[in-house]
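Here is what each chain is made of, one letter per residue.
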Amino acid sequence: MFVDTVKIRAIGGNGGAGVSSFLRRKGLPKGKPNGGSGGRGGDVVLVSDPDVPTLLRYERHPIWKAPSGTHGEGDLRHGRAGEDLELPVPSGTVVRDVDGVVLADLVEPDQRLVVARGGKGGRGNASFVTPERRAPTFAEQGEYGEEVDLALELRLMADAALIGYPNAGKSTLISRISAATPKIADYPFTTLTPHLGVVTFGEHEMVVADIPGLIEGAAEGKGLGHEFLRHTERARALVILLDPSVLQTDDPARQLEVLTRELEAHDPALAARPTVVAVSKAELLDEADRAELDVPEGTHLISALTGEGLDDLLYDVAARVDEIARQAPEREGFTLHRPLRDEMTVRRDSGAWVVEGITAIRAVNLSDLTDPDAANFVAERLERSGIVSALVAAGAEPGDDVRIGSIVFTFDPPDSDGERYA
Ligand SMILES: Nc1nc2c(ncn2[C@@H]2O[C@H](COP(=O)(O)OP(=O)(O)OP(=O)(O)O)[C@@H](O)[C@H]2O)c(=O)[nH]1
Ligand SMILES: [Mg+2]
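Residues numbered from 1 in each chain as written. Chains lettered and ligands numbered in written order. Predicted model: local features only at pLDDT ≥ 70, side-chain atom pairs only at ≥ 80, totals over all residues.

## A word on the overall build of the protein
Then, number 1: Scanning the protein for helices and strands turns up nine helices and 21 strands.
Then, number 2: The globule rule puts the C-alpha radius of gyration for 422 residues at 22 Å, and the 32 Å found for the protein is more than 25% above it.
Then, number 3: Reported as C-alpha extents along the three principal axes, the dimensions of the protein are approximately 110 × 50 × 35 Å.
Then, number 4: A burial count over the protein gives 42% of its 422 residues as buried.
Then, number 5: Long-range contacts, defined as pairs at least 24 residues apart, comprise 70% of the intrachain contacts of the protein with a sequence gap of at least 6. (Helix = DSSP H or I, 4+ residues; strand = E, 2+ residues; numbered from the N terminus. Rg over C-alpha atoms; globule rule 2.2 N^0.38 Å. Buried ≥ 20, exposed ≤ 12 C-beta atoms within 10 Å, placed from the backbone. Contact = placed C-beta atoms within 7 Å.)

And the structure:
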């Protein structure tokens, strides 16, 4: 089964919690803080892999979560990090977020894109020791991993794409010039999904795509529509196959006209793509038929049955592919640099101020906020990270309720009475 579009959800692993613990020694009233930190959660990473043919695996399993980090322990033992979860995708996979923004074009083998970051591990109480705070009893909780919805779309990486009416002989041709073994039959739309064949010709090696049949009106959804034409977008050259046999009501000249129009309707850039035109099933044509053909100069006459014209055709196609390859030798993929989502937002929700964003969550992410030491620490963080000023700017008054994550507290900015949060 050929699957070229899927939606997936990627979830980074959660960070492990830091721990609060003390080394107790006989004779020492207070122990020394020795709580270890939690390990970070694994990232979810897409990796381009030329050996993966389709996105099928992700249609069956759309949800992928990386392993979480383990918690810290006493005696300064830190938790283990969760391993990154690598998801192999076919080379040529375009990655978009829910808004349709392209995040990456994974073209080069082994190209990687971190799509969902794992949560940071929480720090243990040993990390919070300062000269003023010698025995902190609080630790940080682990962060949740990012949760991201993505749309993946495969655009095959072919050197040349075969375009033609249904029954034109595209599959027969690719089976003749490569090791591909597509289904061949004398009814239209035998080929329902694109597939690739590797053609070796002299010292050339070309990847040729057999594209399902195209008919007039495909752009408006006739036949199989033109969805699959996305697989021609990356082809360096196009091979348009015209069928002179009685199987077609349109003559080759009209077929060429229709096909050119449909390609253009799909993507105007395709009109400028180097194109080789060939008439198939040439052994059916006698001299008179050949003379009558109203096709552009340079059109090849080929027969997959007898082998007529195939070498000339491949020579021509290889030359165009090489020329384009010389002009643009590397097909470079790209990945968009995506900053950590830390934009902070303040909004009003049923009588409380709600602060959202990773900075806010991090500020209050402690194991025990009832501890006065911890509460002071959080108050400092809220100020330092700009959350207090954001609340003031939004119009928050002392005494208002503020909610960050699952925590609700009373807003009590330091300058209202000189005191920090109670
Ligand atoms: N006489 C003759 N018949 C051919 C030749 N090439 C293909 N055919 C026949 O044409 C019919 C259609 O061939 P396919 O290769 O399935 O055509 P296609 O273009 O892949 O068709 P779709 O997959 O439906 O788009 C089959 O009956 C083939 O045997 C040829 O060179 N000579
Ligand atoms: Mg076919």
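This is not the end of the story, as more comes after the structure.
## Quick word on the site of ligand 1
Then, number 1: Ligand 1 sits among 24 residues. The nearest are G169, S171, D186, T191 and G213.
Then, number 2: Per-element accounting of the shell around ligand 1 gives the leading share, three residues, to helix α2 (residues 170–177).
Then, number 3: For the shell around ligand 1, the per-class residue count stands at 10 nonpolar, 10 polar and four charged. (Near = placed C-beta within 6 Å. Nonpolar A, V, L, I, M, F, W, Y, C, P; charged D, E, K, R; others polar.)

## Some remarks on the sheet that holds strand β1 (residues 5–11)
Then, number 1: In space, the six strands of this open sheet follow the order β5-β1-β10-β7-β8-β17, with mixed pairing throughout. At either margin of the open sheet sits one strand with a lone partner, and together these are β5 (63–65) and β17 (334–335).
Then, number 2: Sheet topology note: the β1/β5 ladder contains three bridges and is parallel. Looking at the pairing, I11 lines up with K65 of β5. (Pairing = 2+ DSSP bridges.)

## Considering the nonpolar core
Then, number 1: Membership of the largest hydrophobic core comes to 69 residues, with the highest contact counts inside it found for A160, L162, I163, V239 and V317.
Then, number 2: No other element matches strand β14 (residues 237–242), which puts six residues into this core.
Then, number 3: Among all residues touching V239, those that are not within four sequence positions of it are A160, L162, I163, V276, A278 and V317.
Then, number 4: Membership of the second largest hydrophobic core comes to 22 residues, among which are W353, V364, A374 and V388. (Core = buried A, V, L, I, M, F, W, Y, C linked by C-beta atoms within 7 Å.)

## So, the sheet that holds strand β4 (residues 44–48)
Then, number 1: Spatially, the three strands line up as an open sheet ordered β6-β4-β9, and their pairing is mixed. For this open sheet the edge positions go to β6 (85–89) and β9 (112–116), each flanked by a neighbour on one side alone. The mean inter-strand angle of the sheet, taken between neighbouring strand axes irrespective of direction, is 30 degrees.
Then, number 2: Sheet topology note: the β4/β9 ladder contains four bridges and is antiparallel. (Axes fitted to C-alpha atoms, helices over the stretch in contact; angles between N-to-C directions.)

## Notes on the domain arrangement of the protein
Then, number 1: The assigned domain composition of the protein is domain 1 (5–155), domain 2 (160–327) and domain 3 (345–417).
Then, number 2: Each of domain 2 and domain 3 has a C-alpha centre, and these two points are 65 Å apart. (Domains from an automatic or database assignment.)

## Side note on unusual backbone geometry
Then, number 1: Unusually for a residue other than glycine, D75 sits at a positive phi of about 65 degrees.
Then, number 2: Counting through the fold element by element, D75 comes out in the loop between β5 and β6.
Then, number 3: On the basis of neighbour counts, which here come to 12 C-beta atoms within 10 Å, the residue D75 falls in the exposed class.
Then, number 4: With a phi angle near 75 degrees, N167 is a residue other than glycine that sits in the positive phi range.

## Focus on helix α7 (residues 372–384)
Owing to its 3.6 residues per turn, the α-helix brings residues three or four apart onto one side.
Then, number 1: With 13 residues, α7 ought to run about 18 Å at 1.5 Å a step, and its terminal C-alpha atoms sit 18 Å apart, in line with that.
Then, number 2: If you follow the buried residues of α7, they end up packed against α6 (358–363) and α8 (387–394).
Then, number 3: A positive phi of about 85 degrees marks G386, the residue just after α7. (Expected span 1.5 Å × (residues − 1).)

## Points about the environment of A265
Then, number 1: Following the sequence through the fold, A265 ends up in helix α3 (residues 252–266).
Then, number 2: A265 sits in the partly exposed class, given 16 other C-beta atoms within 10 Å.
Then, number 3: Through-space distance from the C-alpha of A265 to that of A218 is 9.2 Å; in sequence the pair is 47 residues apart.

## Overview of the environment of D110
Then, number 1: When you line up the elements, D110 lands in the loop between β8 (102–106) and β9.
Then, number 2: Beyond its immediate chain neighbours, meaning those up to four positions away, D110 contacts V47 and S48.

## Examining the environment of A185
Then, number 1: Mapped onto the fold, A185 is located in the loop between α2 and β12 (195–201).
Then, number 2: C-alpha separation for the pair A185 and G307, spaced 122 residues apart in sequence, amounts to 19 Å.

## Observations regarding the confidence of the model for the protein
Then, number 1: When pLDDT is averaged along the protein, the result is 90; 95% of the residues meet or exceed 70.
Then, number 2: For residues 418–422, every residue scores under 50 in pLDDT, and the model assigns this stretch nine contacts once sequence neighbours within four places are set aside. (pLDDT = per-residue confidence, 0-100.)

## Concerning the pairing of strand β7 (residues 93–97)
Then, number 1: As paired strands, β7 and β8 are joined by four bridges and run antiparallel to one another. Counted as the bridge partner of V95 is A104 from β8.
Then, number 2: In terms of strand pairing, β7 meets strand β10 (residues 147–154) through five bridges, oriented antiparallel. When the sheet's bridge partners are listed, T93 is paired in β10 with L154.

## Considerations on the pairing of strand β13 (residues 204–210)
Then, number 1: As paired strands, strand β11 (residues 160–164) and β13 are joined by three bridges and run parallel to one another. Paired with A160 across the bridge in β13 is V208.
Then, number 2: Strand direction decides the pairing type here: β12 and β13, joined by seven bridges, are antiparallel. Note on β13: the bridge partner recorded for F201 is H204.
Then, number 3: The turn linking β12 back onto β13 is made up of two residues, and G202 within it adopts a positive phi angle of 60 degrees.

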